[in-house]
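Residues per chain, in single letters:
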Amino acid sequence: MAKKYFRKVYSQTDLLGSEQDIIDRIDFINEYSPLIPSLVTTSIWENGTNYEYKQPFIRKKSFRKHNKSFLVNKLENLARDLNQITDCGFVHGDLNMKNILFDGKNFSIVDLEPSLYQIKNKMKQLMMTPPYWSFNDIQNNTVSTESDKIGFFCFCCRVFNNKFFIKNRIGLTKKRQKEFVEFLPISENEIVSMKYDDLLNECLYV
């Protein structure tokens, strides 16, 4: 059976920010996504005034039938790889249930955007999902590893506790744009200062 791929096309004019930062990000994705197991192998290349994006299609499967020790082992692998890409200075920007996929054997990170700041639907947007956005990033209108850590923490909480759910995510984000509001089981300052493996351990007790 022929392998299926997910493809996207980006207009270069829709990718905002420093041209060198975009090139460096694309170079990182092309070089390291085949080498880091938890990153889906992704290719991004220039084609005229566009960038084309290609990644293998991952058929998402439920992880609910697997026991806790199995899931902990798979998430430890994911945490290790996230520590590695963070040490390299790479920010995913949008870690959540729709971008961390389980294929029946492993968790894989998809949607490696060529720029974290883009024009989408004719609006300038950060490539992130509320409310997985650190307070510092909200104040600076950016996305950093702080937001990645919040997204990963919330993802792991969902894996181990099906009742973990954040209500009124848009309303919460708007409130956090005005004032610091804690919304997670441990303090945000603790979360953003931890490594991913430590965050995973914290989620086991939520």
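Preceding this paragraph is the structure being described.
From a predicted model like this one, the values you see are computed outputs, not experimental measurements.

Caption draft 1: Layout of the nonpolar core. Core analysis: the largest hydrophobic core is formed by 48 residues, its most contacted members being Phe107, Phe152 and Leu184. Among the secondary structure elements, those contributing two or more residues to this core are helix 1 (19-32), strand 3 (50-56), helix 2 (68-87), strand 4 (100-102), strand 5 (107-109), helix 4 (145-160), helix 6 (188-193) and helix 7 (196-203). Among the elements that make up this core, the one with the highest residue count is helix 4 (eight residues). Ignoring any residue separated from it by four or fewer positions in sequence, one finds Leu184 in contact with Ile150, Phe153, Cys154, Phe164, Ile166 and Ile191. Core analysis: the next-biggest nonpolar cluster, separate from the first, contains seven residues, Val91, Leu116, Leu126 and Val143 among them.

Caption draft 2: How the structure looks around unusual backbone geometry. With an omega dihedral of 0°, the bond running from Pro130 to Pro131 counts as a cis peptide bond. With respect to the helices and strands, Pro131 occurs in the loop between strand 7 (123-126) and helix 3 (135-140). Within the chain, Asp111 stands out as a residue other than glycine whose phi angle is a positive 65°. As for its position among the elements, Asp111 is in the loop between strand 5 and strand 6 (117-120). Taking relative accessible area as the criterion, Asp111 reaches 14% and is therefore assigned buried.

Caption draft 3: Region of interest: the pattern of salt bridges. For the structure shown, the criterion picks out six salt bridges. With a shortest N-O distance of 2.8 Å, Arg176 and Glu188 are connected by a salt bridge. With Arg176 in helix 5 (residues 169-176) and Glu188 in helix 6, the pair connects residues that are 12 residues apart, well separated along the chain. For Arg176, a relative accessible area of 1% gives the class buried. Through salt bridges with shared partners, one network takes in Lys8, Asp111 and Glu113.

Caption draft 4: Structural view of helix 4. Under the 1.5 Å per step criterion, the end-to-end length of helix 4 is 23 Å for 16 residues, consistent within 8% with the ideal 22 Å. Burial analysis of helix 4 places 13 of its 16 residues in the buried class, which makes it a mostly covered element. Where helix 4 begins, one side-chain oxygen reaches toward the backbone nitrogen of Glu146, 3.1 Å away; that side chain belongs to Ser144.

Caption draft 5: Looking closely at the packing of helix 4 against helix 7. For the pair helix 4 and helix 7, interaxial distance at closest approach is 9 Å and the crossing angle is 35°. Seen from above, helix 4 lies across helix 7 with right-handed handedness. Contacts between helix 4 and helix 7 involve Thr145, Asp148, Lys149, Phe152, Phe153, Cys156, Cys157 and Phe160 from the first element and Tyr196, Leu199, Leu200, Glu202 and Cys203 from the second. Each residue belonging to the contact of helix 4 with helix 7 can be placed in one class, and the counts come to nine nonpolar, one polar and three charged.

Caption draft 6: Here's a closer look at empty space enclosed by the protein. In this structure the tally under the stated criterion is one cavity of 30 Å³ or more. Of the voids in this model, the largest cavity is the one considered here, and its volume is about 40 Å³. If you trace the largest cavity, you find it lined by Asn96, Met97, Tyr132, Gly151, Cys154, Phe155 and Arg158. Here the residues of the lining of the largest cavity are counted per class, giving four nonpolar, two polar and one charged.

Cut-offs used in this document
- Residues numbered from 1 in each chain as written.
- Predicted model: local features only at pLDDT ≥ 70, side-chain atom pairs only at ≥ 80, totals over all residues.
- Heavy atoms only, no water.
- Core = buried A, V, L, I, M, F, W, Y, C linked by side-chain atoms within 4.5 Å.
- Buried < 20%, exposed > 50% of the residue type's maximum accessible area, 1.4 Å probe, protein only.
- Helix = DSSP H or I, 4+ residues; strand = E, 2+ residues; numbered from the N terminus.
- Contact = heavy atoms within 4.5 Å.
- Salt bridge = Lys/Arg side-chain N within 4 Å of Asp/Glu carboxyl O.
- Expected span 1.5 Å × (residues − 1).
- Polar contact = N/O pair within 3.5 Å; in protein donor to acceptor, adjacent residues only side chain to side chain.
- Axes fitted to C-alpha atoms, helices over the stretch in contact; angles between N-to-C directions.
- Left-handed = near helix turned anticlockwise from the far one by under 90°.
- Nonpolar A, V, L, I, M, F, W, Y, C, P; charged D, E, K, R; others polar.
- 1 Å grid on protein atoms, 1.4 Å probe; cavity = no way out; pocket = protein on both sides within 12 Å on 5 of 7 lines; lining within 4 Å.
- Points joined across faces, edges and corners; volume = space filled by probe spheres on them.

Read these as layout, nothing more, since geometry by itself doesn't imply function.
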